[in-house]
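Survey of secondary and tertiary structure
Each chain, letter by letter, is given below.
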Amino acid sequence: MARVRRVIFIPTMRRFSARAFHGAGVALCGLLWLGAAARAEDASPAKLLAQGDALSQKHESRAALRVYLQAEKLFPTNAEVQIKMAEAYMDLMHGTKSKSEQKTLAAQALACGQKAAADDAQSARAHVCVAIGYAKSFPYLDNQTKVNYSRLIKVEAEKAIGLDPKFDLSYHMLGRWNCEVANMNLLLAGLVRIVYGGLPRASNQMAIQNFKKAIELAPARIIHHLQLAHVYHITGEKKLMAAELKACAGFAPVDLDDGDAQRIAARVLATGKWPAEF
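Read on for an overview of the structure. Each chain carries its own residue numbering, running from 1 in the direction its sequence is written. With pLDDT at 70 or above as the cut-off, local features in this predicted model cover only qualifying residues; side-chain atom pairs require 80 or more to be listed or tallied, and sums for whole chains, interfaces and linings still use all residues. Note that water and hydrogens are dropped before the side-chain values are worked out from all heavy atoms of the structure.

Counting residues in hydrophobic clusters, the biggest one holds 71 residues, and the most contacted among them are Met85, Tyr89, Val128, Met173, Leu226, Leu245 and Trp274. Numbered from the N terminus, helices here are DSSP runs of H or I no shorter than four residues, and strands are runs of E no shorter than two. At 10 residues, the largest contribution of residues to this core is made by helix H4 (residues 79-94). Any two residues whose heavy atoms approach within 4.5 Å at even a single point are treated as in contact. Discounting residues that sit within four places of it in the chain, Met85 has contacts with Leu65, Tyr68, Leu69, Glu72 and Cys112. We call a set of buried Ala, Val, Leu, Ile, Met, Phe, Trp, Tyr and Cys residues a nonpolar core when their side-chain atoms join them within 4.5 Å. Buried residues are those whose accessible area, probed at 1.4 Å on protein chains only, stays under 20% of the maximum for their type, while exposed residues exceed 50% and partly exposed ones sit between those limits.

So this is what it looks like as C-alpha cells:
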C-alpha cells in the first residue's frame with residue numbers, strides 16, 4: 001500500500017529582516033527543516049502502526065487506539081491507519097459488558113472501516129473491515145437495518161475476494177453470511193420476503209465451501225475451524241463437527257476473536273451444547 005507522506009511546512013520568521021534572514025537565518029531554516037524532517041520520519045505511518053500493534057498484541061487496546069488516533073491526525077487518508085483503528089474498537093468490545101458502549105464501539109469500528117474503503121477502494125482488507133463492522137453491529141439493530149446490512153456484508157466480502165482471492169477473512173465473512181441467511185428463522189425469513197423482497201440465495205453447503213477455503217488459506221486461524229464446526233452441527237455431520245472443534249485446541253490464538261473461538265470450542269466439546277449467540 002502506498003505511503004502517505006507528511007508535508008513539512010516551515011513557518012515564516014517575521015521578526016527577521018530580509019537581509020538578516022538571508023545570512024544566518026537561511027542556515028537556521030536549514031536546521032529547522034532537517035529537524036522537522038527527522039521528526040516526520042519518526043512519525044511515519046509504519047512506525048506508528050508498529051507501536052500500536054505492539055500494544056495490541058499485549059491486549060492493551062486503549063493504549064493502541066491512542067497511538068492509532070495520533071497516526072490518523074498525521075495521516076488522515078491512510079487506509080491502513082483506519083483499519084487498525086477499527087480493529088482496536090472491535091477489541092475494546094471484548095473488554096466491556098455494557099451494551100450501550102458495545103454499540104458505540106461497533107459504530108466507531110464500522111465508520112473506520114468505511115473510511116478505509118473510501119480512502120483505498122482497492123484494499124481487500126478495507127472491504128473486509130467494513131463487512132466485519134456490519135456484522136459487529138447486528139445485535140444493536142432493528143430488523144430492517146439487519147437486512148440492509150446483511151446484503152452489504154455479502155457485497156463487501158465479494159468485493160474483497162475479487163481484489164485479493166488469497167485473503168482468508170473474505171471467505172470467512174462470506175461463509176458467515178451464507179450460514180446466517182440459510183438458517184434464518186421462518187418468521188424473519190417471511191418478513192424479509194414480504195417486506196424487503198428477500199435476500200440473495202444462500203446455503204449451508206456454500207458456507208462449508210467458504211470456510212474450507214478460509215482454512216486452506218489460513219489453516220491456523222481458530223475462527224475458521226469453529227465456524228465450520230458450527231455449520232457441520234447444523235447439517236448433522238457430528239464426526240466432522242468434532243474434528244473441527246478438536247482442531248481449535250491445536251493452534252495459538254492470534255487475536256481476541258481466536259481466543260474466544262478456542263474457549264467456545266472447548267466448551268462445546270465438554271458440554272455438547274452450542275452457546276446462544278450461534
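Any Lys or Arg side-chain nitrogen located within 4 Å of an Asp or Glu carboxyl oxygen qualifies as a salt bridge. Summed over all chains, the structure comprises 12 salt bridges. Put simply, Arg62 and Glu101 hold a salt bridge, and the shortest N to O gap is 3.1 Å. Remark: Glu101 occurs in helix H5 (residues 99-119) and Arg62 occurs in helix H3 (residues 61-74); sequence separation between them is 39 residues. Under the relative-accessibility criterion, Glu101 is labelled partly exposed at 27%. For Asp257, the salt bridge goes to Lys136, with nearest N and O atoms at 3.5 Å. Residue Asp257 is located in helix H13 (residues 256-271), and its partner Lys136 is located in helix H6 (residues 124-137); the two are separated by 121 residues in the primary sequence. Taking relative accessible area as the criterion, Asp257 reaches 29% and is therefore assigned partly exposed. Connected through shared salt-bridge partners, Asp53, Glu80, Lys84, Glu87 and Arg125 make up one network.

Considering the arrangement of structural elements, one finds Ala266 in helix H13. The sequence separation of Ala266 and Ala249 amounts to 17 residues, and the corresponding C-alpha distance is 7.4 Å.

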